[in-house]
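# Architecture and fold: a report
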Amino acid sequence: MTDLARLSIHTMTTKPWTLEQAAAKYAAAGVGGITVWRQHLAPYGAKQGREILRRHGLTCTALCRGGFFPAVDQAGRDKAIEDNRVAIRDAHELGAPQVVLVCGAVPGIPLADARRMVEDGIRAVEPEARAAGVNLAIEPLHPMYAADRSCITTLGEARRLCERIASPAVGIALDVFHVWWDPQLADEIRLAAKWTCGFHVCDWRAPLRDMLNDRSIMGDGCIPVRAIGQQVRAAGFAGFDEVEIFSDELWAGDQDALLARILAAYRQHCV
Ligand code: ZN
C-alpha cells in the first residue's frame, strides 16, 4: 500500500482530461481512488465508465453530482428529482458508493422554503438510493453560495438534516473549502462523524479571485487542511481524501504538472 492508496482525485480537478485520460494518469501515479463527475462520465456512460476504472484498478469514491432540488414550480422540482434518480442509477452502474449532493438554491425563493424543498427532494429519492446501495452525500456549501447554489451552508445544518431523515443511505460530504471558517467546526466534525461519508480537500486562496473557480492546491491557501483531516479521522472517518480543485488558472496549465504538484502537496500537507 503506497501513501497514495487513500488518495482520490475528482476528475473536475483535471477538467481538460477525459475520464479515460484521468483514470490512466491517476493510476499510473499510484493514486488509489477517483471521484467521477457526470460531465466526464457522459461521453462513455456508466457501464463503460466502470470498465475504465476497473481496467486501471481505481476505486470509485463518488459520482458528482446530484441535488439542486429547489425550483420555482412543481415541474422544476419534479425534473430535479428525476435527474437525481438518473444520478443514483448511474452511480450504481458505475460502482460509486455515493452521489454528492449540491443541494441547490434559487434567487427569489426564500431560504426556508428552499431548505424544505431540499429535504422533500432527498426524502423523495432516498428509497431508490437505499435500494441501489448508493449513499446521498449532502455537501454543505460555504455561505457565499447561499443565494444560488446551496441553501445548506453549515455542517451542523447538514447533520440535523441527516438526523431528521435518519436513513442509512443519507450522509455528509465534508469539504474543507466550505466549512473551514466555522467556529463550531471541531464540535460539528465530532457530531457529524456518524454521517460523514466523504472528505474533500483543496485550499482557500486569499484573496479569492473567483467564487467558483479559484480554489488552490493544499498548502497554497489558508485552510489548515491536515489539522481538519486529523479531526475528521479521529472522529472515525476511514474513507479517502478526495482532492477537488476547481481553478481556471490551473486548468489552463499543463495537467501532468498539476497532478505532480497535487501529489507533492498531498504528501506535504495532508498525510
Ligand atoms: Zn466538495
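Residues numbered from 1 in each chain as written. Predicted model: local features only at pLDDT ≥ 70, side-chain atom pairs only at ≥ 80, totals over all residues. Heavy atoms only, no water.

### Thoughts on unusual backbone geometry
Trans peptide bonds make up the majority, and among non-glycine residues the majority have a negative phi. In this structure, arginine 65 follows cysteine 64 across a cis peptide bond, with omega equal to -5 degrees. Mapped onto the secondary structure, arginine 65 falls in strand S3 (residues 59-67). Residue alanine 206 is joined to proline 207 through a cis peptide bond whose omega torsion reads 0 degrees. Mapping proline 207 onto the fold places it in the loop between strand S8 (203-204) and strand S9 (215-216). Even without a glycine there, the phi angle at phenylalanine 68 is positive, about 50 degrees. Assignment of secondary structure puts phenylalanine 68 in the loop between S3 and helix H4 (74-94). Located in the positive-phi region is alanine 166, a residue other than glycine, with phi close to 50 degrees. Secondary-structure assignment places alanine 166 in the loop between helix H6 (155-165) and strand S6 (170-175). (Helix = DSSP H or I, 4+ residues; strand = E, 2+ residues; numbered from the N terminus.)

### Here we look at the coordination of the zinc ion
For the zinc ion, the full set of protein donor atoms is Glu139 (OE), Asp175 (OD), His200 (ND1) and Glu244 (OE), and the range of their distances to it is 2.0 to 2.2 Å. Around the zinc ion sit four donor atoms, and with donor-metal-donor angles ranging over 82 to 166 degrees the site reads as irregular. If you list the donors of the zinc ion from N- to C-terminus, the spacing comes out as E-x35-D-x24-H-x43-E. Linking histidine 200 in strand S7 (residues 196-201) with glutamate 244 in the loop between strand S10 (241-243) and helix H10 (248-251), this pair joins segments that are 44 residues apart in sequence. A single burial state applies to histidine 200 and to glutamate 244, both of which are buried. (Donors = N, O, S within 2.8 Å, 3.2 Å for Na, K, Ca; no water. Tetrahedral: all angles 85-135°; square planar, octahedral: opposite > 155°, others 65-115°. Buried < 20%, exposed > 50% of the residue type's maximum accessible area, 1.4 Å probe, protein only.)

### Points about the packing of aromatic side chains
By the definition in use, this model includes five aromatic pairs. For the pair phenylalanine 199 and phenylalanine 237, a centre-to-centre distance of 6.4 Å together with 65 degrees between the ring planes defines the contact as edge-to-face. Here phenylalanine 237 lies in the loop between helix H9 (225-234) and S10 and phenylalanine 199 lies in strand S7, a separation of 38 residues in the sequence. In this pair, the class of phenylalanine 199 matches that of phenylalanine 237, namely buried. (Phe/Tyr/Trp six-rings, centres within 6.5 Å; stacked < 30°, edge-to-face > 60°.)

### Details of the nonpolar core
Counting 81 residues, the largest nonpolar core has Tyr26, Val36, Leu94, Ile122, Ile138 and Met218 as the members making the most contacts within it. When near neighbours in sequence (up to four residues on either side) are disregarded, isoleucine 138 contacts Leu101, Cys103, Ile122, Ile152, Ala158, Leu161, Cys162, Val170, Gly171, Ile172 and Ala173. Membership of the second largest hydrophobic core comes to ten residues, among which are Met12, Trp37, Ala137 and Cys197. (Core = buried A, V, L, I, M, F, W, Y, C linked by side-chain atoms within 4.5 Å. Contact = heavy atoms within 4.5 Å.)

### Side note on the layout of surface pockets
When its volume is computed, the largest pocket comes out at roughly 220 Å³. Together, 19 residues line the largest pocket, and Trp37, Arg65, Arg149, Leu212 and Phe246 are the ones closest to its centre. Counting residues per element, the ones that place at least two in the lining of the largest pocket are S3 and strand S4 (98-102). Of the residues assigned to the lining of the largest pocket, the class counts are ten nonpolar, three polar and six charged. (1 Å grid on protein atoms, 1.4 Å probe; cavity = no way out; pocket = protein on both sides within 12 Å on 5 of 7 lines; lining within 4 Å. Points joined across faces, edges and corners; volume = space filled by probe spheres on them. Nonpolar A, V, L, I, M, F, W, Y, C, P; charged D, E, K, R; others polar.)

### Some remarks on the pairing of strand S1 (residues 7-10)
Side-chain alternation along S1 places Leu7 and Ile9 on one buried face and Ser8 and His10 on a second face that is also buried. The pairing of S1 with S10 spans three bridges and is parallel. Within S10, the residue paired with leucine 7 across the bridge is aspartate 241. Relative to strand S2 (residues 33-37), S1 is paired through three bridges, and the arrangement is parallel. Bridge pairing links serine 8 to glycine 33 in S2. Crossover handedness for the path S1 to helix H1 (residues 19-29) to S2: right-handed. (Pairing = 2+ DSSP bridges. Right-handed = clockwise from strand over helix to strand, strands pointing away.)

### Points about the packing of helix H3 (residues 46-55) against H4
Contact geometry for H3 and H4: axes closest at 8 Å, N-to-C directions at 35 degrees. Here the hand of the crossing between H3 and H4 comes out right-handed. Within the contact between the two elements, H3 uses Ala46, Lys47, Gly49, Arg50 and Leu53 and H4 uses Asp90, His92, Glu93 and Leu94. Partitioning the contact of H3 with H4 into residue classes produces three nonpolar, two polar and four charged. (Axes fitted to C-alpha atoms, helices over the stretch in contact; angles between N-to-C directions. Left-handed = near helix turned anticlockwise from the far one by under 90°.)

### Observations concerning the environment of arginine 233
As for its placement among the helices and strands, arginine 233 is situated in helix H9. In the structure, arginine 233 is positioned twelve residues away from isoleucine 245 in sequence and 21 Å away in space, judged by C-alpha atoms. A polar atom in the side chain of arginine 233 sits 2.9 Å from the side chain of aspartate 241. (Polar contact = N/O pair within 3.5 Å; in protein donor to acceptor, adjacent residues only side chain to side chain.)

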